[in-house]
Amino acid sequence: MKSAFVAIIGRPSAGKSTLLNSLCGEKVSITADVPQTTRNKIRGIITTEEGQLVFIDTPGFHHSDKKFNQYLKEVVYSSLDEADMILYVVDATRPPGKEEQEIIELLNKQKEKPVLLAVNKIDQKGTHLTEIKGLLSVNVHPDALMETSALNGTGVDELKARLYELAPEGELMYPKEFYTDQEPEFRIAEIIREKAISQLSDEIPHALYVEIADMEMKNEGKELWVRAFLTVESESQVGIVVGKQAKRIKWIRIASLKEFKKIFPYKVRLDLRVKVNSKWRRKDYLLKGMFH
Ligand SMILES: Nc1nc2c(ncn2[C@@H]2O[C@H](COP(=O)(O)OP(=O)(O)O)[C@@H](O)[C@H]2O)c(=O)[nH]1
Ligand SMILES: [Mg+2]
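All values derive from a computational prediction rather than experimental measurement. (Residues numbered from 1 in each chain as written. Chains lettered and ligands numbered in written order. Predicted model: local features only at pLDDT ≥ 70, side-chain atom pairs only at ≥ 80, totals over all residues. Heavy atoms only, no water.)

**Q** Sorry, what's going on with the nonpolar core here?
**A** Ranked by size, the top nonpolar core spans 28 residues in total, and within it Ile-192, Leu-230 and Val-241 carry the most contacts. When residues of this core are traced back to their parent elements, those giving at least two are helix 6 (184-198), strand 7 (209-218), strand 8 (223-232), helix 8 (235-242), helix 9 (247-263) and strand 9 (267-276). The dominant element in this core, judged by the number of residues it contributes, is helix 6, at six residues. The contact partners of Ile-192, leaving out residues within four places of it in the chain, are Val-210, Ala-228, Leu-230, Ile-252, Ser-256, Phe-260, Leu-270 and Leu-272. Ile-46, Val-89, Ala-150 and Ala-167 belong to the second largest nonpolar core, which has 27 residues in total. (Core = buried A, V, L, I, M, F, W, Y, C linked by side-chain atoms within 4.5 Å. Buried < 20%, exposed > 50% of the residue type's maximum accessible area, 1.4 Å probe, protein only. Helix = DSSP H or I, 4+ residues; strand = E, 2+ residues; numbered from the N terminus. Contact = heavy atoms within 4.5 Å.)

And the structure:
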């Protein structure tokens, strides 16, 4: 039986989280068209007769010296340490950049682990396939080089097959019905954040975090009552998140509830409010709590 931890790495917005969801067939990791959406290690699990693959989605590898970005990088490093294999996702629509060089260096330090390269977004026109393949086959020597579209599923089954081929032998690490190891509290916070990000722009998506203040199961396990705060960094951002006549916050709440309906076997009741916690991105204790 095959069994492996697979770290998914690549620069921001390459499609790592979308690919993870596509591989797992479930929404495990939230996605967005703004970079730096994934902040934690997200595990998605697939189990077949051949065995089990546990994917670790990571924040995009982005070069910056800011404290927040340093934390994100540490999440990437520790995922690589934990992994048996590496799935490197490259955005075919962008010419290879500085981040690609850094990732190449990182991979060259992990030479004993199989590396699969997924050149993603091949559904798009005007890709840089030749350039990317040339650069990475010479510098990374991947054990497999696949072309994928995480969005429409092209190449995803082939990628899964190659992953199983290259995976080491081992026992199941999670029960076979698990497709993620995330607690409901975390998934609820992430979905609220995804819906909020989809309605906001500029600095605000990065200024947001969701705090679950209270969670209680009622009615013999049929209803989960949740009190959550969408936390922003300034008073002016509160107004923007709430929206005119509270329309935006209402939209975020309803969209989140729709998503909960798909993934939880119980009804979720959500009380959602907005509050300010300035400079949370510079507070160590908050970051440490978030990056478990
Ligand atoms: N056209 C196209 N868009 C994609 C594909 N994969 C991801 N995206 C989009 O790229 C953006 C970033 O995706 P995400 O998975 O959040 O990237 P991550 O930062 O690497 O996790 C989102 O808007 C996705 O819908 C793909 O194969 N084709
Ligand atoms: Mg992501």
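What follows continues from the structure just given.
**Q** How should I be thinking about the sheet that holds strand 6 (residues 144-147) in this particular structure?
**A** By definition, the strands of a sheet pair up through backbone hydrogen bonds, in either a parallel or an antiparallel sense. Within the open sheet, the six strands sit side by side as 2-3-1-4-5-6. Their pairing is mixed. One side of each edge strand has no neighbouring strand; the edge strands of this open sheet are strand 2 (42-48) and strand 6. When the angles between neighbouring strand axes are averaged without regard to direction, this sheet yields 20 degrees. Inspection of the sheet shows strand 1 (residues 2-9) paired to strand 3 (residues 51-57) by seven bridges, in the parallel sense. Directly across from Ala-4, in strand 3, lies its bridge partner Leu-53. On the sheet, helix 4 (residues 129-140) packs against strand 4 (85-91), strand 5 (115-120) and strand 6 and is oriented at approximately 150 degrees with respect to strand 4. (Pairing = 2+ DSSP bridges. Axes fitted to C-alpha atoms, helices over the stretch in contact; angles between N-to-C directions.)

**Q** Looking at this structure, I do not really get the site of ligand 1. What am I missing?
**A** By nearness alone, 17 residues border ligand 1, and Ser-13, Lys-16, Thr-18, Asp-123 and Ala-150 come closest of all. Contact between ligand 1 and Ala-14: an oxygen atom at 3.2 Å from a main-chain N or O atom of the residue. In this structure, Ala-150 approaches ligand 1 through a main-chain N or O atom, which is 2.8 Å from an oxygen atom. For ligand 1, the protein covers 87% of the area, taking 580 Å² as the surface of the free molecule. For the shell around ligand 1, the residue count by class is five nonpolar, eight polar and four charged. (Near = heavy atom within 4 Å. Polar contact = N/O pair within 3.5 Å; in protein donor to acceptor, adjacent residues only side chain to side chain. Areas by Shrake-Rupley, 256 points an atom, 1.4 Å probe, with all protein chains shown as cover. Nonpolar A, V, L, I, M, F, W, Y, C, P; charged D, E, K, R; others polar.)

**Q** So what exactly am I meant to see when it comes to the packing of helix 6 against helix 9 here?
**A** When two helices pack together, you describe them by how their axes are tilted relative to each other and by the distance separating the axes. Where helix 6 contacts helix 9, the axes come no closer than 9 Å and their chain directions differ by 135 degrees. Relative to helix 9, helix 6 is oriented oblique. Seen along the crossing, helix 6 lies across helix 9 with a hand that is right-handed. Across the interface between the two elements, Arg-187, Ile-188, Ile-191, Ile-192, Glu-194, Lys-195, Ala-196 and Ser-198 of helix 6 pack against Trp-251, Ile-252, Ala-255, Ser-256, Glu-259, Phe-260 and Ile-263 of helix 9. (Parallel < 35°, antiparallel > 145°, perpendicular 65-115°, else oblique. Left-handed = near helix turned anticlockwise from the far one by under 90°.)

**Q** Quick question: what am I supposed to make of the side chain of Thr-180 here?
**A** Here Thr-180 lies in the loop between helix 5 (156-166) and helix 6. Looking at Thr-180, the relative accessible area reads 9%, which means it is buried. Within polar-contact distance, the side chain of Thr-180 engages the backbone oxygen of Arg-43 at 2.9 Å. A distance of 2.7 Å separates polar atoms of two side chains, one belonging to Thr-180 and the other to Gln-182.

**Q** Would you mind going over the pattern of salt bridges with me for this structure?
**A** When charged atoms on two side chains of opposite charge get close, those side chains can pair. Under the definition given, this model contains 17 salt bridges. A salt bridge links Lys-27 to Glu-194; the shortest N-O distance between them is 3.0 Å. In this pair, Lys-27 sits in the loop between helix 1 (16-24) and strand 2 while Glu-194 sits in helix 6, placing the two residues 167 residues apart along the sequence. Residue classification places Lys-27 among the partly exposed residues on the basis of a relative accessible area of 25%. A salt bridge links Glu-223 to Arg-269; the shortest N-O distance between them is 3.2 Å. Of this pair, Glu-223 sits in strand 8 while Arg-269 sits in strand 9, and the two are 46 residues apart along the sequence. (Salt bridge = Lys/Arg side-chain N within 4 Å of Asp/Glu carboxyl O.)

**Q** Mind showing me how you'd approach the packing of aromatic side chains here?
**A** The description of an aromatic ring pair rests on the distance of the ring centres and on the angle between the ring planes. Tallied over the entire structure, the rule returns three aromatic pairs. Considering the side-chain rings of Phe-264 and Tyr-266, the 5.4 Å spacing of their centres and the 10 degrees angle between planes classify their relative orientation as stacked. Residues Phe-264 and Tyr-266 agree in their burial class; the two are buried. Through a chain of ring-to-ring contacts, three or more aromatic side chains come together here, namely Phe-260, Phe-264 and Tyr-266. The positively charged end of Lys-218 is found above the aromatic ring belonging to Trp-225, 4.3 Å away from the centroid. We note Lys-275 situated over the ring of Phe-229; from NZ or CZ to the ring centre the distance is 4.4 Å. (Phe/Tyr/Trp six-rings, centres within 6.5 Å; stacked < 30°, edge-to-face > 60°. Lys NZ or Arg CZ within 6 Å of the ring centre and 35° of its normal.)

**Q** What am I meant to see in the domain arrangement of the protein here?
**A** Size of an interface, as often reported, equals the accessible area lost when the parts are brought together. Split by domain assignment, the protein resolves into domain 1 (2-166) and domain 2 (184-290). Each of domain 1 and domain 2 has a C-alpha centre, and these two points are 27 Å apart. Listed per partner, the contact involves 14 residues of domain 1 and 19 residues of domain 2. Interface area for domain 1 against domain 2, summed over the two sides, is near 1600 Å², with a carbon-plus-sulfur share of 56%. It is Lys-27, Ile-30 and Arg-39 in domain 1 that bury the most area against domain 2; as a group they hold 38% of the surface buried on that side. (Domains from an automatic or database assignment. Buried area = accessible area lost by both parts, 1.4 Å probe.)

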